[in-house]
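Fold and contact review
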Amino acid sequence: MNSEEIYRKACGMFPGGVSSPVRAYKAVGGHPPVIRQGKGPFITDIEGREYIDFVLSFGPLILGHADPDVLAHLTETATKGLSFGALSEVEIQLGELLTRAVPGLERIRFVNSGTEAAMSALRLARAFTGRTRIVKFSGGYHGHSDSLLVKAGSGGATFGIPTSAGVPESVVKDTISLPYNDTEALKDFFSREGKTVAALILEPVAGNMGVVLPDEEFLIAARNVTDENGALLIADEVITGFRLTYGGAQVLFGLEPDLTLLGKIIGGGMPVGAYGGRADIMKMVAPEGPVYQAGTLSGNPVAMAAGLATLNKLRTPGLYSLLEEKSRILGDGIVSIARSLGLPLKVNRMGSMMTFFFSNKPVRDLESAEHSDTRLFSIFHQEARKEGLLLPPSQFEALFLSTCHDDKIVNLALERFKKAFESTRSQA
Ligand SMILES: *Cc1c(COP(=O)(O)O)cnc(C)c1O
């Protein structure tokens, strides 16, 4: 079967032909690629076209595809059995690395996805505080659990309008959405209603409205208003954990959350999530405490082994500064190409995650992100694909680099970016 036939078959079988919506390429047009394999910085579709991959499974593959050390550890572990539904040593080993690396993690519980981590942390925060309200930020994505699927309205606070059908208003009436980076709106809301809030959940660097960097005072305020009002601060580091530096954004910013969510990189490409934080809060989780949360495959040895091998490799001295250097060259290169062609482009980057917005305005929240020219982005995405670049199929996703994206690959990518921008401009 060729990719056309496979995709047609998939469309009859899966909603939209995919297992997760953004993969259907609705935002950029064209058929989604059908992938045969990945190796290092490259991904190959079943027609044999090879792309430089900047999607990297939407974040987890910081070591690139099929890293030999990760594969070796994973296979060795798998030969001894895939899952036991019981404690095993590799769980402890990964847990130890995580609790040592992430300052806010005194104790931890493994789950199977970022969604589960966020959902479980909310339940825990509500139980711990005895309150029900949750505050999130517009454009912040924390997985698809009901309470967190709230329409992010631009402007002031938006109360409980579900983003998805099937989410009862009774569930999301307790979720409040505020504009990202708006320190005044945050302080103002908490000064009025702070005592009713169980938790404030945020991405320390936003990655799901495209990359948006936080103001320092915004992060400080997030910590202060929660402290002052007895609410918990939940740092969603599912993307940023071990992406920005070993540990995550809280290491970089000196942020001290009460609870932390992890996923993506800590599973090294396998389905893993985790939540954890202050010991006095975590001891409320069953069976020690009354907050029920469980998982048949949670902490399974194969997934743990992939995460462990990945984290061990990420401890290599100088690894993150090399990654930063390559990412800077790519980000700066893209800016200067766009400028020389007179294309409006704003690049938001932190370490090896970045988004270039087709916009002439700085992007610092959902409203300004949505100001981008998504038509131009979709033209660009298709041109980039013709040139052999696989980019996230939406203006509002982050582009990632891996440790396999060396100088040679970055330079090759920049040549391709240049051609893609040129053909985009001729159609603008
Ligand atoms: C990806 C992501 C999630 C959800 O993780 P899944 O494993 O897809 O359920 C949650 N929060 C953030 C910040 C994410 O980027």
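Described below are features of the structure shown in this document. Just so you know, these numbers come straight off a predicted model, no measurement behind them.

A few points about the overall build of the protein chain
- Looking only at helices and strands, one finds 14 helices and 15 strands in the protein chain.
- Taking 2.2 N^0.38 as the reference for a compact globule, 428 residues should give roughly 22 Å; the C-alpha atoms of the protein chain span a radius of gyration of 21 Å, in line with that estimate.
- Projecting the C-alpha coordinates of the protein chain onto the three principal axes gives extents of approximately 55 × 55 × 45 Å.
- Split into buried and exposed, the 428 residues of the protein chain put 56% on the buried side.
- Once local pairs closer than 6 in sequence are excluded, the contacts in the protein chain between residues at least 24 apart make up 71%.
- By element, 53% of the accessible surface of the protein chain is carried by carbon and sulfur atoms, the whole surface being about 17,900 Å².
- Each charge class in the protein chain can be summarised by its mean position, and for the 43 positive and 47 negative side chains these summaries are 3 Å apart.

Things to note about the site of the ligand
- The ligand sits among S113, G114, T115, Y141, H142, G143, E203, N208, D236, V238, I239 and K264.
- Y141 has a polar backbone atom sitting 3.2 Å from a nitrogen atom of the ligand.
- A distance of 3.1 Å is found between an oxygen atom of the ligand and a side-chain nitrogen or oxygen belonging to N208.
- Coverage of the ligand by the protein amounts to 83% of the 380 Å² it exposes when considered alone.
- Of the residues assigned to the shell around the ligand, the class counts are 3 nonpolar, 6 polar and 3 charged.

So, the packing of aromatic side chains
- Taken as a whole and judged by the stated rule, the model has 15 aromatic pairs.
- Seen from their ring centres, F356 and F380 are 5.6 Å apart, and the 80 degrees between their planes marks the pair as edge-to-face. With F356 in strand 13 (residues 353-357) and F380 in helix 13 (residues 374-386), the pair connects residues that are 24 residues apart, well separated along the chain.
- Judged by centre distance (5.6 Å) and plane angle (55 degrees), the rings of F358 and F380 are tilted. Placement of the pair is F358 in the loop between strand 13 and helix 12 (366-369) and F380 in helix 13, with a sequence separation of 22 residues. As far as burial versus exposure is concerned, F358 and F380 are alike and both buried.

Thoughts on the pattern of salt bridges
- Tallied over the entire structure, the rule returns 21 salt bridges.
- For K326, the salt bridge is made with D407, and the minimal N-O distance between the two is 3.6 Å. Residue K326 is found in helix 11 (residues 319-341), and its partner D407 is found in helix 14 (residues 407-427); the two are separated by 81 residues along the sequence.
- Given a relative accessible area of 12%, K326 falls into the buried group.
- For D407, a relative accessible area of 43% gives the class partly exposed.
- A cluster of three or more residues bridged by salt bridges with shared partners is formed by R223, D227, D258, R278 and D280.

Criteria and cut-off values
Residues numbered from 1 in each chain as written. Predicted model: local features only at pLDDT ≥ 70, side-chain atom pairs only at ≥ 80, totals over all residues. Heavy atoms only, no water. Helix = DSSP H or I, 4+ residues; strand = E, 2+ residues; numbered from the N terminus. Rg over C-alpha atoms; globule rule 2.2 N^0.38 Å. Buried < 20%, exposed > 50% of the residue type's maximum accessible area, 1.4 Å probe, protein only. Contact = heavy atoms within 4.5 Å. Areas by Shrake-Rupley, 256 points an atom, 1.4 Å probe, with all protein chains shown as cover. Lys, Arg positive; Asp, Glu negative; His and termini not counted. Charge placed at Lys NZ, Arg CZ, Asp CG, Glu CD. Near = heavy atom within 4 Å. Polar contact = N/O pair within 3.5 Å; in protein donor to acceptor, adjacent residues only side chain to side chain. Nonpolar A, V, L, I, M, F, W, Y, C, P; charged D, E, K, R; others polar. Phe/Tyr/Trp six-rings, centres within 6.5 Å; stacked < 30°, edge-to-face > 60°. Salt bridge = Lys/Arg side-chain N within 4 Å of Asp/Glu carboxyl O.

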